[in-house]
Amino acid sequence: MTWEPERLDDQRHLSEGDPGGMLPAVAASAAHVRTGYRAAIEARVDRLAAQGRPRAIVVAGMGASGIAGDILAAVAGNGAPLPIVTVRSYQLPGWVGATDLVIAVSGAGDTEETLAVATQAVRRGCTLLGVGAPGSPLEAIATQASAVYVPVPVTGASRADLWLLTVPLIVAAAALRLVPADADLFERVAKSLEDMANRCRPSSESFINPGKALAADLAETVPMIWGSSPSAAVAAYRLACQLHTNAKYPAMWGELPEVGHHQMEAFDGPMAERDIFADTSGRTLRLVVLRDVEEHPQVTRRREASLRLARERDVPVTELLAEGTHPLERMAGLIGLGDYASTYLALGYAIDPTPVSAITEVKARISQ
Ligand SMILES: O=P(O)(O)OC[C@H]1O[C@](O)(CO)[C@@H](O)[C@@H]1O
C-alpha cells in the first residue's frame, strides 16, 4: 500500500476505488441531519418529557453509535443539570435505575453490547429510548417494553449514518429542556455540513480541497489528534475512529488540557525523531489540533505553548479552527472535514474505505 496523492485528483479512481460509496455517504450528512430530525419528531420523542426529567441519561452504543452519546453530552455542556454518560460495553453501571433514561443507539439494531444494555435497562425499569434501523432486534426490545423507538432509514455502516443516529438524541434532550435545539439549529448544522461537502467534493482539486489537504497532511504519519474543548475532543475522537475504519490507519487522540499531561512527551521520543515511513518529512508523528472558539483561557495558553514546543521539535503541525456559533455546528464542521479526510486518505492508499474485514472477522470468530 503506497501513498499516491495524485490518486485524489483522479475522478475515475475516486469512484472506482470507492465501490461502497463512502464519499457519497459523507456527502449525504446534511440530508441525514434533516431526516434524523423528522424521524425524531414523527416518533414523538417529546413523549419522554411526560415523565419529567430523568436523574441521569445513559447512552449505550458502540463505535459510531457511541459517538452519538458523546455529541449529546458535548452539546448539553458542562452546565447540564444531570449527568450524561456513554456506555460502550455489555453492562449498565450498577447505579442506573428506574429514574434514569437509557438511550440505546444501534444503526443495525443488532449489536450485542447495545442489546445487552437495552435489556438490562428494561429489567431495571429505566425509561428506554431506542434509535436504529426499523424492524431490528433493538426495535423489538423497545416495542416489547412500550418504549419510544426512533426508526431511522439507515443506509449502511453506522459511521456513514452518524447524523441519522445522533440528531434524535438531541431532539429528545431538547424535549427534556436540556439543550436549546430547534428546527432552525438543525438547519444551520445541515447547512454547515452542506458547505463542507461542497468544499470537499471529489471534483475539487487537492490544492483548494480541505478534505484532500488534511488527508495529505495525515498520510505517512502517525497522527496525534487533540481537541481544545469537549466539543472539539468529540471531533478528535471521531476523526481517530474514522481513520481506523475508513483508512485502516492508526491514530492517537485526546483532549486538552489532559493530553498535555502525558501524550505530548512523545514529541521527545523516537517517533518524533525518525520517520518510520521513510518519506521525506523526516518525522513520524504529526500533531493535529482541532481548535474550538470556546476554550478555557488556560487551555488556550497550554495549546499555544504546546504548539510552539512541537514546532521547536520539528514535529509537523496541522491546526484547524471550528466554525459556527453553536457547539453542534462547530462539531459538525470538524466531523464533516474529518470524514472526508479519512475517506480521501483511504483512497490515496488505494484502500476501499467501506469494508471493515478485521472487525468482521473477529465478530465471526466470537459468534461461533
Ligand atoms: O450502530 P451499530 O450497528 O450498533 O454498530 C456499532 C458499530 O459496530 C460496527 O458495526 C463494527 O462492529 C461499526 O461499524 C459501528 O460503528
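These numbers come from a predicted model, not from an experiment. Residues take numbers from 1 onward in each chain, read along the sequence in its written order. In view of the model being predicted, local features appear only for residues whose pLDDT reaches at least 70, and side-chain atom pairs are presented and counted only at 80 or more, with totals across whole chains, interfaces and linings using the full set of residues. Each side-chain value is derived from all of the structure's non-hydrogen atoms; neither hydrogens nor water enter the calculation.

Can you tell me about unusual backbone geometry, naming the residues and giving the values?
Residue Pro257 follows Leu256 across a cis peptide bond; omega there is 10 degrees. Helix and strand definitions follow DSSP, with helices as H or I runs of at least four residues and strands as E runs of at least two, each counted in order from the N terminus. Residue position: Pro257 is located in the loop between β7 (252-255) and α11 (270-273). The phi torsion at Arg44 lies on the positive side, around 55 degrees, for a residue other than glycine. Unlike most non-glycine residues, Glu220 shows phi in positive territory, near 60 degrees.

Give me the lowdown on the sheet that holds strand β3 (residues 101-106), citing residues and values where you can.
Note: two strands are recorded as paired if DSSP finds a minimum of 2 bridges between them. The strand order across the open sheet formed by 5 strands is β2-β1-β3-β4-β5, and the pairing between neighbours is parallel. Looking along the sheet, the strands with just one partner apiece sit at the ends: β2 (84-87) and β5 (148-151). Looking at each pair of strands side by side, their axes are set apart by 15 degrees on average, direction ignored. In this sheet, β2 lies alongside strand β1 (residues 57-60) in parallel orientation, the contact comprising 4 bridges. Within the sheet, the bridge partner assigned to Ile57 lies in β2 and is Ile84. Contacts between residues were defined by any pair of non-hydrogen atoms, one from each residue, lying within 4.5 Å. For every element, the axis is a line fit to its C-alpha atoms; helices are fit only across the contacting stretch, and the angle between N-to-C directions ranges from 0 to 180 degrees. Along the sheet, helix α6 (residues 137-144) makes contact with β3, β4 (127-132) and β5, crossing β5 at roughly 155 degrees.

Give a detailed account of the sheet that holds strand β9 (residues 317-321), specifying residues and quantitative values.
Read across the sheet, 4 strands follow the order β7-β6-β8-β9 without closing on themselves; strand pairing throughout is parallel. If you trace the sheet from one side to the other, it starts and ends with β7 and β9, each paired once. The sheet shows a mean angle of 15 degrees between the axes of neighbouring strands, taken without regard to direction. As defined by bridge partners, strand β6 (residues 222-227) adjoins β7 across 4 bridges and the pair is classed as parallel. Paired with Gly227 across the strands is Glu255, a residue of β7. Running at roughly 155 degrees to β9, helix α12 (residues 297-312) makes contact with β6, β8 (285-291) and β9 of the sheet.

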